Structure formats: structure tokens, C-alpha cells
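Per-entry structural report
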Amino acid sequence: MTPPDTLDLRSYIRTIADYPKPGIQFRDITTLLGSARAFRRAVDELVQPWAGSKIDKVAGIEARGFIVGGAIAHQVSAGFVPIRKKGKLPYETVRVAYSLEYGIDEMEMHKDGVAPGERVILVDDLIATGGTAEGAVKLLRNIGAEVLAACFIVDLPDLGGAEKIRKLGVPVRTLMAFEGH
Ligand code: AMP
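In this convention, every chain numbers its residues from 1, walking through the sequence in written order. A pLDDT threshold of at least 70 governs which residues receive local features in this predicted model, and a stricter bar of 80 or more applies before side-chain atom pairs are shown or counted, although totals over entire chains, interfaces and linings include all residues. For the side-chain quantities, the full set of heavy atoms in the structure was used; hydrogens and water were omitted.

**Regarding the layout of surface pockets**
When its volume is computed, the largest pocket comes out at roughly 970 Å³. Where the lining of the largest pocket is concerned, the elements lending two or more residues are strand S2 (25–28), strand S4 (79–85), strand S5 (93–99), strand S6 (104–110), strand S7 (119–127) and helix H4 (131–142). When residues of the lining of the largest pocket are assigned to their parent elements, the largest contribution, four residues, is made by S7. Amino acid classes used here: Ala, Val, Leu, Ile, Met, Phe, Trp, Tyr, Cys and Pro are nonpolar; Asp, Glu, Lys and Arg are charged; the rest, including Gly, are polar. For the lining of the largest pocket, the per-class residue count stands at 17 nonpolar, seven polar and ten charged. Cavity and pocket criteria rest on a 1 Å grid covering protein atoms alone: a 1.4 Å probe that fits but cannot get out defines a cavity, protein on both sides within 12 Å along at least 5 of 7 lines defines an open pocket, and an atom within 4 Å of a point defines a lining residue. Grid points are joined across faces, edges and corners, and a volume is the space filled by probe spheres set on the points. Each helix is a run of DSSP H or I of at least 4 residues and each strand a run of E of at least 2, with the numbering of both proceeding from the N terminus.

Structural data, given as C-alpha cells:
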């Protein structure tokens with residue numbers, strides 16, 4: 001018999017109270033990334049529903065989405081495309097405005113980062129209000145990508161982000177949830 005699987009991914013997340021400002025519980029994934037077993041497990045579990053599917057690109061959101069998304073792209077033999085804050089990418093870009101908790105910002109990707117019709121998985125470390133991921137889905141769809149799914153290690157369901165993305169018709173995969181902000 002196989003021994004029971006005892007790796008509890010949740011225990012690898014470090015919580016820092018009142019960072020970066022009072023009232024926020026910062027869910028730090030660097031402690032998960034620092035564990036070879038936990039990092040590998042998180043990557044495997046995030047893409048498990050799409051194992052065997054054709055995935056052309058993984059799109060990662062700056063900056064922690066680059067780390068998780070890069071590992072996922074390698075795992076599923078897909079290309080990687082960065083989605084960045086405006087002004088950081090060197091070539092011609094497409095841009096979209098997205099809502100933050102207070103105000104709006106803009107994010108960009110290279111205009112040839114994804115070809116029309118390519119099948120893309122979107123990745124970030126955490127989904128809170130979903131404003132960032134919603135902007136990324138719009139950006140990808142604007143250039144003709146088929147967004148197969150959005151994957152996050154951590155969900156903060158009280159903020160409704162995963163629900164917002166599902167309402168756009170994009171399946172959402174998360175590995176754990178924490179209450180509150
Ligand atoms: P949102 O657009 O509200 O879904 O925010 C998601 C982005 O903000 C992600 O890129 C996260 O890395 C970051 N973020 C938001 N809230 C937290 C939190 N409590 N702990 C860590 N990162 C967070």
C-alpha cells in the first residue's frame with residue numbers, strides 16, 4: 001500500500017500580519033518556493049486538470065507569477081509569456097487598464113507574445129479581488145488567445161476574485177484558501 005500523502009502545502013505559506021499596510025495579512029509564497037518538494041507539488045497540482053491537454057503558452061503576471069508560471073511552462077512543455085506593469089517591456093506592446101484596491105493601473109504584454117488562437121493558461125501566486133487577473137484575461141483575449149484556465153496557489157475567497165474570473169468563463173484552479181484580506 002502507498003503511504004498516505006502527508007505534504008500539507010498550506011503549512012508552507014508564511015503569513016505576515018499588517019504587511020504592506022495595517023489590516024493586510026500578507027501570504028508569502030517564498031517559503032513554499034524554498035522547499036523543493038512543496039514547489040514541485042504545487043506546480044504538479046496546479047496543472048493536473050490539464051495534464052495531456054495541448055497548451056501553447058503560459059502567461060505569468062509580474063512578479064511572483066513569473067516564478068510559478070515559468071515552472072509550469074516547463075512542466076507542460078509550453079512557452080512562457082510575461083505580463084508586466086506598463087513601461088517595462090522592450091518591444092511593441094498591447095495594454096489594458098485594470099482596477100486595483102484603490103484606483104487603476106495598466107499592464108502590458110508584447111503584441112506578438114501570443115498568436116491568435118493559441119491556448120493559454122494564466123498564472124499568478126494569489127488571487128484576491130481578481131482585478132489583476134481580470135485585466136490579464138482581457139489582455140490575452142484582446143490579442144486573440146483562448147484562455148483555458150487561470151491558476152493560483154492561494155485564493156482569498158472573501159474578496160471574490162476567483163468568482164469574478166469564473167464569471168468571465170475561465171475555469172479557476174487554486175490550491176488553498178485563507179479567510180479575510
Ligand atoms: P487582486 O488583483 O486583488 O486579485 O490582487 C492580486 C495581486 O496582488 C497578486 O499579484 C498578489 O500577489 C497580490 N496580493 C494581493 N493580496 C495579497 C495578500 N494578502 N498576500 C500576498 N499577495 C497579495
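**Comments concerning the pattern of salt bridges**
Salt bridges, as used here, are contacts in which a Lys or Arg side-chain nitrogen is within 4 Å of a carboxyl oxygen on Asp or Glu. Summed over all chains, the structure comprises twelve salt bridges. Between arginine 84 and glutamate 62 there is a salt bridge whose closest N-O contact spans 3.1 Å. Of the two residues, arginine 84 is situated in strand S4 and glutamate 62 in the loop between strand S3 (57–61) and helix H3 (64–75); the sequence distance between them amounts to 22 residues. Type-normalised accessible area, obtained with a 1.4 Å probe on protein chains alone, sets the label of each residue: buried when under 20%, exposed when over 50%, and partly exposed for intermediate values. Assessed through its relative accessible area of 15%, glutamate 62 is described here as buried. Here arginine 64 makes a salt bridge to aspartate 125, at a shortest N to O gap of 3.1 Å. In this pair, arginine 64 sits in helix H3 while aspartate 125 sits in strand S7, placing the two residues 61 residues apart along the sequence. One continuous salt-bridge network, built from bridges that share partners, spans Lys86, Arg95, Glu106 and Glu108.

**A look at the environment of glycine 23**
One can find glycine 23 in the loop between strand S1 (14–17) and S2. Taking the C-alpha atoms as reference, glycine 23 lies 7.5 Å from histidine 181; in sequence the two are 158 residues apart. Working rule for contacts: check all heavy atoms of both residues, and any pair within 4.5 Å makes them a contact. Apart from the residues lying within four places of it in its own chain, the contact partners of glycine 23 are Asp18 and His181.

**A closer look at the packing of aromatic side chains**
Pairing of aromatic rings covers Phe, Tyr and Trp, the last counted by its six-membered ring, and requires centre-to-centre distances within 6.5 Å; plane angles under 30 degrees mean stacked, over 60 mean edge-to-face, and any other angle means tilted. Applying the stated criterion across every chain, the model contains two aromatic pairs. When the ring of tyrosine 19 is compared with that of phenylalanine 26, the centres are 5.3 Å apart and the planes differ by 90 degrees; the resulting orientation is edge-to-face. When its relative accessible area of 47% is taken as the criterion, tyrosine 19 is described as partly exposed. Ring centres 6.0 Å apart and planes at 85 degrees place the aromatic pair phenylalanine 66 and phenylalanine 80 in the edge-to-face group. Within this pair, whereas phenylalanine 66 is found in helix H3, its partner phenylalanine 80 is found in strand S4, the two being separated by 14 residues in sequence.

**Some thoughts on the sheet that holds S6**
Two strands form a pair only when DSSP identifies at least two bridges running between them. Ordered in space as S5-S6-S4-S3-S7-S8-S9, the seven strands form an open sheet in which the pairing is mixed. Taken across any chain shown, the strands that pair with only one partner, and hence form the sheet edges, are S5 and strand S9 (172–177). Across the sheet, the axes of successive neighbouring strands diverge by a mean angle of 20 degrees, strand direction being ignored. Contacting strand S8 (146–155) and S9, helix H2 (residues 36–47) crosses the sheet at an angle of about 140 degrees to S9. The axes used here are C-alpha line fits, helices contributing only the stretch in contact, and every angle between their N-to-C directions lies in the interval 0 to 180 degrees. This element, H3, spans S3, S4, S7 and S8 of the sheet and lies at about 170 degrees to S4.

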